[in-house]
Amino acid sequence: MLQTDRLKVIVISDGTGETATAITRAAMTQFADKDIFFTRYKNVRSKEQIDAIFQEAAIHHDVVVYTIVSLELRKHIEMLTRRDHVRSVDLLGPLLSAFSNFFEAEPSHVPGLLHAVNDDYFKRVSAIEFTLNHDDGRNLDSLEEADVVLVGISRTSKTPLSIYLSLEGMKVVNVPIVMGLPLPEKLFQVDQRKIFCLTIDPEALHQIRKNRLSRLGVQADGDYADLTKVVEEVEWANRLFAENKRWPSFNVTGKALEETAAEILKLVSMRKVNRFKQSKRFDGDEKKEE
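Residues numbered from 1 in each chain as written. Predicted model: local features only at pLDDT ≥ 70, side-chain atom pairs only at ≥ 80, totals over all residues. Heavy atoms only, no water.

Enquirer: Please clarify how the packing of helix H2 (residues 47-60) against helix H3 (residues 71-84) should be interpreted in this entry.
Expert: Two numbers describe how H2 lies on H3: the axes approach to 11 Å, and their chain directions differ by 25 degrees. Taken together, H2 and H3 sit at an angle that is classed as roughly parallel. Read as a crossing pair, H2 and H3 show a hand that is right-handed. Residues Lys47, Ile50, Asp51, Phe54 and Ala58 of H2 lie in contact with H3, whose contacting residues are Glu72, Leu73, His76, Ile77, Leu80, Thr81 and Asp84. Its residues assigned to classes, the contact of H2 with H3 shows six nonpolar, two polar and four charged. (Axes fitted to C-alpha atoms, helices over the stretch in contact; angles between N-to-C directions. Helix = DSSP H or I, 4+ residues; strand = E, 2+ residues; numbered from the N terminus. Parallel < 35°, antiparallel > 145°, perpendicular 65-115°, else oblique. Left-handed = near helix turned anticlockwise from the far one by under 90°. Contact = heavy atoms within 4.5 Å. Nonpolar A, V, L, I, M, F, W, Y, C, P; charged D, E, K, R; others polar.)

Enquirer: Could you clarify how one ought to interpret the nonpolar core in this entry?
Expert: If you look at the biggest cluster of nonpolar residues, it comprises 37 residues, and the most contacted ones within it are Val148, Leu150, Leu165, Ile177, Leu187 and Ile264. Elements with a contribution of two residues or more to this core: strand E5 (148-152), helix H6 (158-167), strand E6 (172-176), strand E7 (195-199), helix H8 (227-243) and helix H9 (257-289). The biggest single contributor to this core is H8, with six residues. Within the second largest apolar cluster, 14 residues are counted, among which are Val44, Ile50, Val64 and Tyr66. (Core = buried A, V, L, I, M, F, W, Y, C linked by side-chain atoms within 4.5 Å. Buried < 20%, exposed > 50% of the residue type's maximum accessible area, 1.4 Å probe, protein only.)

Enquirer: How should I be thinking about unusual backbone geometry in this particular structure?
Expert: Trans peptide bonds make up most of the peptide bonds, and negative phi angles are found at most residues other than glycine. The phi dihedral of His85 is positive, around 55 degrees, even though this residue is not glycine. Positionally, His85 belongs in the loop between H3 and strand E4 (87-90). His85 gets classed as exposed once you look at its relative accessible area, which sits at 72%. Its identity is not glycine, yet Asp136 carries a phi of approximately 60 degrees, on the positive side. As for its placement among the helices and strands, Asp136 is situated in the loop between helix H5 (119-133) and E5.

Right, dumping it as structure tokens:
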């Protein structure tokens, strides 16, 4: 093998190549002293594409790792491997053969099924991007574009819950509120059914804040983690939420993100159904008048 300062691994896939790259990176952790970089070729579906890639691999003595479902293309790669003396690793072929023998059935040989690009995929990507750009009260000018607006004091799981909901395709804005400061006017200018409040038991919040300060190496000598101040802050927030009767409140104490997210998603779904029923009833009334 030609000695070089860096080893290039070429990843070939008929899909996104994420699976092959992840597995190869996992293997490479066992060779921490080696300088390795990756070149990924996605959506490879023809012999011509493979020929061009192997031509480069043969010249530079690269290693080829591939996940190709087409039996014809895998055989073509095996031929090029022998002909051009290129080291290659088939990550998917042996597994497909094993399952084919186990199930006594042929695989579908349809590429890209794991990461099929569809409307739901793009919706989730868009939701995640939106949510990250609106974390911690940022970019409130586009608040009306949100599907869900989370409101709560510090350390009530607003950010992790926002990310979790965005993975479900929801565009989320989380807005921190601080005792003594006015709420953003934008909160009262959007559809109030989008707003969901997060609260927590004072004792739990007190411990969370103390632990956070400890991790940061900061002494808990201010109002942030003072139990009396925490109780006052939680009570203030709860009164605020109660005053805005269209803002449902969720207590996150001891709850997994999945639980709170499920409750919010259920309420969002119910409200959508109710709005749909109301619109249908309104349409029916208009038709009667005609």
